[in-house]
Amino acid sequence: MCSETVKYLKALAGGFESVNMVVYEGNIYGSDTSKIFAMQRKKDVESLVDFWKEKVKDKYFELTHPVKKIRTIAFYNIQYGMVNFVIMADFNYENIWIIAQLQNLIDVVIFDNKIFRAYNSNVSPILPHINKLYNVVRDKPKKESHFFGFSLSQVRPYHHFYDHVKFFLDFGNEKPVFNKKSFFIPKSCELEEGGSRVFLFPNVIGNNYVNQKRSSLVKVLNERMEKSVYKDALLHSEGERGKIGKDKQLTIWFGITGQKRSWLEQIEGCINIIKKLRPCFEGVVLYIDGMTAVQGEKIVNEEDDAVYRGIKKGLIEVEGVEVHSLVGWAYREKIVCCDAVDIFIANAGTGCLVPLRFVRKPGVLHSNNKLFTFPDEYPDSVKEVHKSYVIDVANGESDAAMHVSYHIPWQHIFNLAAELLNEIKGTEITSLDVPPVVDIKKAYDKEMQAQEEIRSYFQLLENSIKRDPSSPSILRDVAFAFEKAGDIHTAMKIMEKAQLLRPQGPVIKRKLDEYRVALKKDISYF
């Protein structure tokens, strides 16, 4: 880069400290940027798509400078998290300005030491990275590096498919795609490692800003993308295919969430639902879905794996039930596996993307009272948990929809699934009585309180061991811990060992007497 570019980018580091940033929102009259901002404000998806369809015919990505009547081209890009920064300049690498892409074609422009935000754009993921731009200083780029392609490397699955892939497929595959980690790249794409191109996000307007229920074009583009992804996955996948059951066998997809937003009763709920369904079928194949890897990889997610292990443990002795994990698989493999299922039960966030949108299976959606990622008109074969059976629980960090977990009686979800299966499989499954959700919450809170008390007590045990590491004291305090957990049999056995080492210990003798009385009466002891 020329010295002016280096100076400009370094100035960003000193001139745009996050605490002093000023973001302007207004018109930049007379430039291509102002026209794009106007189309975005009007949510004119059709005109923005037409803009891209013309741009893909060009070698360079050209726009007029926001305030100067000169042509500039994209000559470098760098991605930080969800944000793609594109550095624009004239052919002499002067008159520099910068585009930031998040969910829209342009979310932010930077020039003359000012930051301009497009109407309604979310700048919070963008601002923290602006100071890093001085790090992109490179040698003067070769002429061919001005040629542009597309990047399909959004780090969030929802935005990857509904802000990137759906528009990219509509533009045609005339431009190469940056061969970086991606959740899904169509097999027909020309891939490039980078270094000789400027790569832009194929954004138009973020799907969150234009609800498909209100835009027929967005609905068409969404559904066209979903069908294309589904067909591409089935045609080119080399992974394991789902087990297609017989008419009298049930194959079910169960989505879990071990992270920030989850059905709090999901482990016991899944176990109980499968146990109740098992007698109605010759066998049950259960697929547990969780976190998804980028294309071509497989990942480990401890939180989701822990939920899977809890479900598998609860069903291990149930004859005729197979439990398989899809946690950490990529979308291609998940789509192929889901193609064999009868119904799904999944959260109404991105977790339902595969069964609901790509494979379009019948199923049950559950969520907190704030979040529903895919609003649309669905057939009767897609059922939603009634809000009267839901109690939200904020995680303490935020009350935003994406951070709110929730209680639901598993019996309500079972009844919705049973209703579907009676229609699809010809079964005659009887509905269950559903307890009030407030009772479910009370039971959960009581259990959490008991677990917290146990954790606290074992912490006291650790401190006690540090103070007095002698064997009788350690055994005595371990017995106390089991007593607190409600396991009096184990507590008494350990306390008896402590008495052998400290026969005259008054506390040990008193507790043993209490344990014997409790066990003799065969009552719970706390």
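Cut-off values and rules
Residues numbered from 1 in each chain as written. Predicted model: local features only at pLDDT ≥ 70, side-chain atom pairs only at ≥ 80, totals over all residues. Heavy atoms only, no water. Helix = DSSP H or I, 4+ residues; strand = E, 2+ residues; numbered from the N terminus. Buried < 20%, exposed > 50% of the residue type's maximum accessible area, 1.4 Å probe, protein only. Areas by Shrake-Rupley, 256 points an atom, 1.4 Å probe, with all protein chains shown as cover. Core = buried A, V, L, I, M, F, W, Y, C linked by side-chain atoms within 4.5 Å. Contact = heavy atoms within 4.5 Å. Salt bridge = Lys/Arg side-chain N within 4 Å of Asp/Glu carboxyl O. Pairing = 2+ DSSP bridges. Right-handed = clockwise from strand over helix to strand, strands pointing away. Expected span 1.5 Å × (residues − 1). Phe/Tyr/Trp six-rings, centres within 6.5 Å; stacked < 30°, edge-to-face > 60°. Lys NZ or Arg CZ within 6 Å of the ring centre and 35° of its normal. Polar contact = N/O pair within 3.5 Å; in protein donor to acceptor, adjacent residues only side chain to side chain. Disulfide = S-S within 2.5 Å. Axes fitted to C-alpha atoms, helices over the stretch in contact; angles between N-to-C directions. Parallel < 35°, antiparallel > 145°, perpendicular 65-115°, else oblique. Nonpolar A, V, L, I, M, F, W, Y, C, P; charged D, E, K, R; others polar. pLDDT = per-residue confidence, 0-100. Left-handed = near helix turned anticlockwise from the far one by under 90°. Bend = angle between axes of the 7 residues up to and from the residue.

### Observations concerning the overall build of the chain
- Looking only at helices and strands, one finds 15 helices and 19 strands in the chain.
- Expressed as a percentage of its 526 residues, the buried residues of the chain come to 52%.
- Within the structure as shown, the chain displays about 25,000 Å² of accessible surface, and the carbon and sulfur contribution to it stands at 50%.

### Considering the nonpolar core
- Ranked by internal contacts, the top residues of the largest apolar core, which has 39 residues, are Val45, Trp52, Phe61, Leu63, Ile99 and Val204.
- With five residues, the single largest contributor to this core is helix α3 (residues 45-55).
- Among residues more than four places away in sequence, those in contact with valine 45 are Phe167, Val204, Ile205, Val210, Leu217, Val218 and Leu221.
- One finds Ile288, Val323, Ile343 and Trp410 within the second-largest nonpolar core, a separate group that totals 37 residues.

### Re the pattern of salt bridges
- Applying the stated criterion across every chain yields a total of 21 salt bridges.
- Between glutamate 192 and arginine 197 there is a salt bridge, with the nearest N and O atoms lying 3.3 Å from each other.
- For glutamate 192, a relative accessible area of 14% puts it in the buried group.
- A network of salt bridges, in which partner residues are shared, links Lys219, Glu223, Glu226, Arg357, Arg360 and Asp376.

### Focus: the pairing of strand β13 (residues 283-289)
- Burial runs high along β13: seven of the seven residues are buried.
- Where burial is concerned, the two faces of β13 agree: the one with Gly283, Val285, Tyr287 and Asp289 and the one with Val284, Leu286 and Ile288 are both buried.
- The pairing of strand β12 (residues 249-255) with β13 spans seven bridges and is classified as parallel. Looking across to β13, one finds that glutamine 249 is bridged to glycine 283.
- For the handedness criterion, the β-α-β arrangement of β12, helix α7 (residues 266-277) and β13 is classed as right-handed.
- In this structure, β13 lies alongside strand β14 (residues 321-325), joined through five bridges in parallel fashion.

### A look at the side chain of glutamine 411
- For glutamine 411, the location among the structural elements is in helix α11 (residues 410-424).
- If we ignore the near neighbours within four places in the chain, the residues touching glutamine 411 are Leu432, Asp433, Val434 and Pro435.

### Topic: helix α13 (residues 471-484)
- Between the first and last C-alpha of α13 there are 20 Å, a value that for 14 residues agrees with the 20 Å anticipated at 1.5 Å per step.
- Among the residues trailing α13, glycine 486 stands out with phi positive, at a value near 90 degrees.

### Things to note about the packing of aromatic side chains
- One pass over the structure, following the stated rule, counts 24 aromatic pairs.
- An angle of 75 degrees between the planes, with centres 5.7 Å apart, marks the rings of phenylalanine 61 and phenylalanine 148 as edge-to-face. Of this pair, phenylalanine 61 sits in the loop between α3 and β2 (62-64) while phenylalanine 148 sits in strand β8 (residues 148-150); the two residues are 87 residues apart in sequence, bridging distant segments of the chain. Per residue, the accessibility class of phenylalanine 61 equals that of phenylalanine 148, and both read buried.
- These aromatic residues form a ring-pair network of at least three members: Phe51, Trp52, Phe61, Phe148, Phe150, Phe168 and Phe171.
- Above the face of the phenylalanine 148 ring, lysine 175 is positioned so that its terminal group lies 4.4 Å from the ring centre.

### Describing the side chain of aspartate 376
- Secondary-structure assignment places aspartate 376 in the loop between β16 (363-366) and β17 (382-384).
- Judged by relative accessible area, aspartate 376 falls into the buried class, the value being 11%.
- At 2.8 Å, the side chain of aspartate 376 forms a polar contact with the side chain of lysine 219.
- Within polar-contact distance, the side chain of aspartate 376 engages the side chain of arginine 357 at 3.1 Å.

### So, the state of the cysteines
- Taken as a whole and assessed by the stated rule, the structure comprises zero disulfides.
- Between cysteine 337, a cysteine without a disulfide, and cysteine 338, which holds the nearest cysteine sulfur, the sulfur-to-sulfur distance is 7.6 Å.
- A relative accessible area of 1% means that cysteine 337 is categorised as buried.

### As for the environment of alanine 481
- Within the element layout of this structure, alanine 481 appears in helix α13.
- The exposure class assigned to alanine 481 is buried, which follows from its relative accessible area of 0%.
- Sequence spacing of alanine 481 and alanine 491 is ten residues, and the spatial spacing of their C-alpha atoms is 7.7 Å.

### Considerations on the packing of helix α5 (residues 157-171) against helix α6 (residues 216-236)
- The geometry of α5 relative to α6 is characterised by a closest axis approach of 9 Å and an angle of 85 degrees between their N-to-C directions. Taken together, the axis directions place α5 and α6 in an arrangement best described as roughly perpendicular. Where α5 approaches α6, its residues Phe161, Tyr162, Val165, Lys166, Phe167, Leu169 and Asp170 are matched on the opposing element by Val218, Leu221, Asn222, Arg224, Met225, Glu226, Ser228 and Val229.
- Taken together, the residues of the contact of α5 with α6 sort by class into nine nonpolar, two polar and four charged.

### Comments concerning the sheet that holds strand β15 (residues 343-347)
- Pairing within the open sheet is parallel, and its six strands lie in the order β14-β13-β12-β15-β16-β17. In the strand order of this sheet, the two ends are held by β14 and β17, each with one partner. Neighbouring strand axes in the sheet, compared pairwise and without regard to direction, differ in orientation by 15 degrees on average.

### Looking at the confidence of the model for the chain
- Looking at the chain, pLDDT values average 84 and 83% of them are 70 or higher.
- For the stretch residues 13-22, pLDDT sits under 50, and the model shows 17 contacts to residues farther than four places along the chain or on other chains.

### Details of the packing of α3 against α5
- Where α3 meets α5, the closest approach of the two axes is 10 Å, and the angle between their N-to-C directions is 60 degrees. Classified by the angle their axes make, α3 and α5 are oblique. In the packing of α3 onto α5, the handedness of the crossing is right-handed. Contacts between α3 and α5 involve Val45, Val49, Trp52 and Lys53 from the former and Phe167, Asp170 and Phe171 from the latter.
- The residue makeup of the contact of α3 with α5, split by class, is five nonpolar, no polar and two charged.

### Some thoughts on α5
- Between the first and last C-alpha of α5 there are 20 Å, a value that for 15 residues agrees with the 21 Å anticipated at 1.5 Å per step.
- In the structure, α5 departs most strongly from a straight axis at valine 165, where the bend amounts to approximately 35 degrees.
- The buried count for α5 comes to 14 of 15 residues, which makes it a mostly enclosed element.
- At the exit of α5 stands glycine 172, carrying a positive phi of roughly 95 degrees.

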